[in-house]
Amino acid sequence: MKHKHIILILLSLVLFIVSACEINQLNSAEDHYKNQRYAAAIQELDNYIQTAENGALITRSEILRSQCYYELGLRAIQVENWDLSIKFLKLANSEEADKVLANVYKTLADKALEEGNLELSFNLVNAILREIPQSELTPEMLSRRIGFLLDTFIDYEQAWQDYKILYNNYPNNVYEVAARKQIAKIVPSRMDYARRLYTAGYYSDALNILFELQQYPVGDQQTINQLICEAYMGQAENSLNQQKYLEAERLFRIAIQYDPSKRVEIEKRIEQMASLFVQKGDEYVRQRDYDNALIHYQKAFEIIPEYSPAKQAIARLNTIKENVARANELSLQAEKAELAGKYDEALKLYRQANNLDSRPEFTTKITQMQNLLEAQADPVAFTKRIINQYKGGIINTRIQKQKQELLKMFDPSEVYDSGWKIMITSNPLKYEARYDLITPTVSYYYVWLVNLRDRSIVPLNKLSEKTME
């Protein structure tokens, strides 16, 4: 225990001696500083900082060294040794030195500008903004750089970025207000670029530019809002072309918010869009797809609630569906009457069904019932009438023409004309129609099968077939 105590005493003594030496070195450097021997002070402080062990004293030494460099920088400024002053002030690395450094840069920038060295002046402005961003000169330098970018170096995009920084950090500052007039030169071109973008279909890119312009007190806000409205309208039309009707309606509504003067035009377009659903529903009705028709009519309400044309279309659809159902019932009744041979009753029922729901099959049935009634009254006369009326009487005309040719070749007494011979077949609704032209050397035998139900005529030999062509 006794030996440990002695060791601790010795260690404490050593530390005291070391601290005393360090303090003496620091005091020496401070003495040089007080007597304005800054270079000597810096040399001693550099040596001390490299070997010192006391953290607090090292920090104190670094602060003193910074102050020495600062004072040297001020001396260099007094003799206008600008390069040396910049070097010393950078080595000082303090807020106080940075403030002076910014003023040095500004002085040199002003001098270069007076001498017409625009590039050097521009570079010095950049140095302030890059090296001392928190300087009180920053608003002025940003405004000055905007001028350079607009008028000398023609970099409009960077000028716009600088203005955004200026406004975002120093709104209504005297230099920000002055910069508004400068930056206003390029606002029309940015708006025109946005217009070209949305005209070409790049709606999001265009809107990003316009929304950004809207955040700053440059450009005519009404014009910007009108362009935003146009961009949304274009986007809505694009969605409409892709049949994204609900998305189109949403975009049209947004457009109105930015330019209320377009309300009438846009609401008319929205109504036209709602009418597209009605038109599509009508198309499904014509295709007899009533379920899809109803779905499209109802979609119109999602665009315009209580849309009157859609309500009227749904009412018409319900009537049509009722008529179709009733027509089907009448058709079944007509078929039963037809099977029972009650053609007069069947004709009446088919006509009623067709009035409710006009269909090709009903039209065909009506014609057939009329044929059957005529066949029922006088089948032979009806068969002759069918033959005589075929293609405007072409069959009779050609038979008579053939007869005239034979009369040129033979004596009338040698030409036998059988006239029309109508004969029933095994089917009570099908009759054979014959006509013979006979001479001593050549004869013509015409024969057709006539269907009284549908008035169709079928030739039963090549000669008859040719006569019908």
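On a predicted model such as this, the values are computed, not experimentally measured, just so you know.

J.: Please give an account of the overall build of the chain that cites residues and values.
T.: Helix and strand counts for the chain stand at 21 helices and five strands. Counting only C-alpha atoms, the chain reaches 165 × 75 × 50 Å along its principal axes. Scored against the burial criterion, the 469 residues of the chain give a buried share of 40%. Within the chain, counting contacts between residues at least 6 apart in sequence, those at least 24 apart form 47% of the total. Approximately 26800 Å² of the chain is accessible, and the part contributed by carbon and sulfur atoms is 52%.

J.: Pulling in residues and values, what's your account of the pattern of salt bridges?
T.: Enumeration over the complete set of coordinates arrives at 35 salt bridges. With a closest N to O distance of 3.7 Å, Glu212 and Arg190 form a salt bridge. With Glu212 in helix α11 (residues 203–214) and Arg190 in helix α10 (residues 187–199), the pair connects residues that are 22 residues apart, well separated along the chain. Note that Arg359 is salt-bridged to Glu361, the shortest N-O span being 3.6 Å.

J.: Tell me about the environment of Ile386, residues and numbers included.
T.: Position of Ile386 among the secondary structure elements: in helix α19 (residues 379–389). Classification of Ile386 as buried rests on a relative accessible area of 5%. Here the alpha-carbon distance between Ile386 and Ile422, two residues 36 residues apart in the chain, equals 12 Å. Here Ile386 is in contact with Val450, Asn451, Leu452, Arg455 and Ile457, once residues within four sequence places are set aside.

J.: If you had to explain helix α16 (residues 308–339) to someone new, which residues and values would you point to?
T.: Taking 1.5 Å of rise per residue, 32 residues should cover 46 Å, and α16 covers 46 Å from first to last C-alpha, within 8% of that figure. Among all positions of α16, only Ala310, Ala313, Ile314, Leu317, Val324, Ala327, Leu330, Ser331, Ala334, Ala337 and Glu338 are buried. The inward-facing, buried residues of α16 abut α14 (263–286), α15 (290–303), α17 (343–356) and α18 (360–377). Remark: Gly341 follows α16 within two positions and exhibits a positive phi of approximately 80°.

J.: Just give me the short version of helix α7 (residues 138–151), but keep the residues and values in it.
T.: Because an α-helix packs 3.6 residues into every turn, residues spaced three or four apart end up facing the same way. Counted at 1.5 Å a residue, the expected span for α7 with its 14 residues is 20 Å, and the 20 Å between its end C-alpha atoms agrees. Counted residue by residue, α7 has 13 buried out of 14 residues, so it is predominantly covered.

J.: Describe in detail the packing of aromatic side chains, supporting the description with residues and values.
T.: Taken as a whole and assessed by the stated rule, the structure comprises 17 aromatic pairs. Through pairs of rings, three or more aromatic residues link up here, namely Trp160, Tyr163, Tyr167 and Tyr216.

J.: Account for the side chain of Asn354, naming residues and giving values.
T.: Structurally, Asn354 is set in helix α17. A residue is classified by how much of its surface remains accessible, and Asn354, at 16% relative accessible area, is buried. There is a polar contact of 3.2 Å between the side chain of Asn354 and the backbone nitrogen of Arg359. The residues touching Asn354, leaving out its near neighbours within four places in the chain, are Arg359, Phe362, Thr363 and Ile366.

J.: Residues and numbers for the packing of α18 against α19, please.
T.: It is the contact of α18 with α19, at a shortest axis distance of 5 Å, that shows an interaxial angle of 125°. In terms of their interaxial angle, α18 and α19 are classed as oblique. Of α19, the residues touching α18 (which contributes Asn371, Glu374, Ala375 and Ala377) are Pro379, Phe382 and Arg385. Grouping the constituent residues of the contact of α18 with α19 by class yields four nonpolar, one polar and two charged.

Rules behind the numbers
Residues numbered from 1 in each chain as written. Predicted model: local features only at pLDDT ≥ 70, side-chain atom pairs only at ≥ 80, totals over all residues. Heavy atoms only, no water. Helix = DSSP H or I, 4+ residues; strand = E, 2+ residues; numbered from the N terminus. Buried < 20%, exposed > 50% of the residue type's maximum accessible area, 1.4 Å probe, protein only. Contact = heavy atoms within 4.5 Å. Areas by Shrake-Rupley, 256 points an atom, 1.4 Å probe, with all protein chains shown as cover. Salt bridge = Lys/Arg side-chain N within 4 Å of Asp/Glu carboxyl O. Expected span 1.5 Å × (residues − 1). Phe/Tyr/Trp six-rings, centres within 6.5 Å; stacked < 30°, edge-to-face > 60°. Polar contact = N/O pair within 3.5 Å; in protein donor to acceptor, adjacent residues only side chain to side chain. Axes fitted to C-alpha atoms, helices over the stretch in contact; angles between N-to-C directions. Parallel < 35°, antiparallel > 145°, perpendicular 65-115°, else oblique. Nonpolar A, V, L, I, M, F, W, Y, C, P; charged D, E, K, R; others polar.

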